[in-house]
Amino acid sequence: MARPIAPTPLLDEKSSKIFLERVTRNLKKKSRPVKTPHIDATITSIMAHALKKEKRIS
């Protein structure tokens with residue numbers, strides 16, 4: 001059986017200030033691209049499926 005989702009906790013003044021500072025600070029950080037293993041095979045598969053579907057429609 002699934003567990004119920006807990007309600008979002010309320011933040012007090014100090015906690016909300018810390019949270020907003022952390023969010024603001026992290027917005028300025030650049031992130032690296034996510035590694036995607038086997039991306040070339042995935043793109044090839046998607047394109048083959050699209051071409052196959054296009055040929056069926058024509």
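Residues numbered from 1 in each chain as written. Predicted model: local features only at pLDDT ≥ 70, side-chain atom pairs only at ≥ 80, totals over all residues. Heavy atoms only, no water.

Engineer: So, the overall build of the chain: which residues are in play, and what are the values?
Structural biologist: Along its length, the chain carries two helices and zero strands. The globule rule puts the C-alpha radius of gyration for 58 residues at 10 Å, and the 23 Å found for the chain is more than 25% above it. Taking all 58 residues of the chain together, the buried fraction comes to 0%. With the model as given, the accessible surface of the chain reaches about 6,700 Å², and the carbon-plus-sulfur share is 62%. One way to put it: in the chain the 14 positive side-chain charges average out to a point 7 Å from where the 5 negative ones average out. (Helix = DSSP H or I, 4+ residues; strand = E, 2+ residues; numbered from the N terminus. Rg over C-alpha atoms; globule rule 2.2 N^0.38 Å. Buried < 20%, exposed > 50% of the residue type's maximum accessible area, 1.4 Å probe, protein only. Areas by Shrake-Rupley, 256 points an atom, 1.4 Å probe, with all protein chains shown as cover. Lys, Arg positive; Asp, Glu negative; His and termini not counted. Charge placed at Lys NZ, Arg CZ, Asp CG, Glu CD.)

Engineer: Report on the environment of Glu 21, specifying residues and quantitative values.
Structural biologist: On the secondary structure map, Glu 21 appears in helix H1 (residues 13-27). Sequence separation between Glu 21 and Pro 37 is 16 residues; the distance between their C-alpha atoms is 35 Å.

Engineer: Break down unusual backbone geometry for me, with residues and values.
Structural biologist: The phi angle at His 38 is positive, at roughly 60 degrees, despite the residue not being glycine. The exposure class of His 38 is exposed, given its relative accessible area of 65%.

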